[in-house]
Amino acid sequence: MQQGIGKEGMQHVAVLGAAGKMGSGIALLVLQQFAFELASGVKGEQGRRYRLMLIDANEAGFVMLKRYLRDQLKKHAERSINELRILYKNRINLIDNADMINTYVEEAFDCVFFGTMLEECRGAQLVFEAIIEDVDIKTEVFAKLNKLLGPDCYYFSNTSSIPIHVLQEKSHLQGRLIGFHFYNPPAIQRLLELIVPENTSESLKSLAENIAKQLKKTVVYSSDIAGFIGNGHFIREVHFACEQVHVLSQRMPLIEAIVLVNRITQEFLLRPMGIFQLIDYVGIEVGQRIAKIMSTYLQKPFGDKLIDAMVEEKVWGGQFGDGSQKDGFFHYEKGVPAGVYDSKEKKYISCSEAAFRARIDAWLGGKPPLGYSWNMLIKDPQRAEKVVDYLALLSQEETQGARLAKKFVEESKKIALELVSDGIAHSIKDVDTVLMNGFLHLGQIGMEQ
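To start, this report covers the structure provided alongside it. (Residues numbered from 1 in each chain as written. Predicted model: local features only at pLDDT ≥ 70, side-chain atom pairs only at ≥ 80, totals over all residues. Heavy atoms only, no water.)

### Considering the sheet that holds strand E1 (residues 12-16)
Stated formally: Two strands are counted as paired when DSSP detects at least two bridges linking them. A run of H or I in DSSP counts as a helix once it spans at least four residues, and a run of E counts as a strand once it spans at least two, with each numbered from the N terminus. Fitting a line to C-alpha atoms yields each axis, with helices limited to the stretch in contact; the angle taken between N-to-C directions then spans 0 to 180 degrees. Two residues form a contact once any of their heavy atoms are found within 4.5 Å.
The sheet built from eight strands is open, its strands ordered E3-E2-E1-E4-E5-E6-E7-E8 with mixed pairing. Whereas interior strands pair on both sides, the edge strands pair on one side only; in this sheet they are strand E3 (112-115) and strand E8 (218-222). Adjacent strand axes in the sheet meet at a mean angle of 25 degrees when their direction is disregarded. For E1 and strand E2 (residues 51-55), the ladder comprises five bridges, and the chain directions are parallel. Pairing of Leu 16 across the sheet is with Ile 55, part of E2. On top of the sheet, helix H5 (residues 135-149) reaches E1, strand E4 (126-129), strand E5 (154-157) and strand E6 (177-182); it is set at about 160 degrees to E5, its chief contact.

### Description of the pairing of E5
Worth spelling out the cut-off: Remark: exposure states derive from per-residue accessible area (1.4 Å probe, protein chains only) relative to the maximum for the residue type, with buried under 20%, exposed over 50%, and partly exposed in between.
Judged by which residues are buried, E5 turns out to be covered on both faces: Tyr 154 and Phe 156 on one side and Tyr 155 and Ser 157 on the other are all buried. The pairing of E4 with E5 spans four bridges and is classified as parallel. Bridge pairing in E5 places Leu 126 opposite Tyr 154. Here three bridges tie E5 to E6, and the two strands are oriented parallel to one another. Looking across to E6, one finds that Tyr 155 is bridged to Leu 177.

### A closer look at the state of the cysteines
Note the cut-off: Note on terminology: pairs of cysteine sulfur atoms within 2.5 Å are recorded as disulfides.
Tallied over the entire structure, the rule returns zero disulfides. No disulfide involves Cys 111; its sulfur sits 16 Å from the nearest other cysteine sulfur, which is in Cys 121. Exposure remark for Cys 111: the relative accessible area of 5% places this residue in the buried category. Distance from the sulfur of Cys 351, which forms no disulfide, to the nearest cysteine sulfur (Cys 242) is 17 Å.

Written out as structure tokens, the structure is:
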């Protein structure tokens with residue numbers, strides 16, 4: 001277990017967009033902290049009370065949200081039973097493990113309230129915002145909350161691309177809004193991008209740093225420039241991947257080009273998923289929104305007709321409420337790509353049939369060197385050395401697959417350098433930290449040295 005965030009004045013928290021995939025994870029993190037405080041006996045200290053207000057326009061989403069929070073709190077308590085025994089040692093009515101676990105969950109849930117109206121946030125001292133990635137919608141919500149909650153409330157925005165100073169100025173929250181960008185799923189991913197605009201108050205910056213530390217997050221500071229570090233790299237690489245698909249589609253069917261680029265970025269670059277599977281995971285429509293925001297504020301084109309066509313056909317990807325993958329570029333069976341979307345036929349074509357795989361294998365011209373994979377190396381204590389050896393061998397390979405993989409490696413390096421030269425990232429090491437902790441890369445861009 002970890003120390004709670006319930007420092008004086010910060011025990012009343014609201015989460016906006018709480019039924020969404022990011023909001024639900026943020027809600028869980030806050031609730032776990034409250035549960036720890038209560039188990040530690042803080043409940044009666046100086047009359048302190050905790051309140052977690054979970055707001056979402058989709059009231060139907062609360063059913064699954066409640067189930068998620070209860071299940072995860074119970075698992076958290078089960079994993080921490082030895083600590084709970086120590087915390088509950090003076091509670092003579094709690095004898096067996098089941099009683100302790102149930103008390104931990106129920107006392108935490110006594111702090112939770114659900115609502116669909118912003119007015120139900122009254123009294124909140126800290127607001128986590130995780131709603132749609134839209135400047136106008138976010139600023140309208142912030143402006144309303146500013147009138148409701150007054151000048152003493154602080155705001156943490158989970159926006160992954162919109163400049164924080166823009167949101168501040170439009171909603172009149174100067175000095176009280178900070179970028180607190182979790183990665184999906186928030187309760188598991190260790191990375192947190194912290195975006196601190198120039199006029200941010202020292203008290204808010206200190207609070208954000210303390211909460212990030214209490215949540216045991218790996219913090220990387222990004223400059224307040226559209227896309228920040230994570231999406232700054234991701235969207236640029238998506239743009240490059242789409243370009244490669246367009247080139248390949250001059251020689252093969254479009255669906256085969258998509259599968260081929262996806263396989264290269266997963267298998268040859270030793271990543272947990274290929275680039276188009278990652279787009280599906282993020283959400284194709286979400287990715288399009290981020291690209292448009294970056295294009296607007298950076299005055300460079302980041303979109304692509306391949307993404308636009310999928311959104312127009314309402315093939316959006318993303319996840320269901322239980323975390324399972326929705327279909328996007330790929331149709332998924334048990335979380336594994338089994339078909340690829342054919343925009344001409346308006347249906348998914350199997351990409352696991354022998355003939356289809358044989359054509360892709362023939363074009364690649366061979367497997368990655370050493371037979372390494374992400375699954376094989378992610379928990380290997382010698383993975384850093386093995387990745388270096390792998391890259392050395394890859395640099396010597398001249399198969400078509402290896403040549404395209406090397407283009408991606410060089411493009412990733414180029415993007416990293418651009419993020420630093422444009423002042424978005426403070427160092428190449430920060431870019432590597434984001435890619436390795438937020439996207440679970442193995443450090444193959446080779447820039448950390």
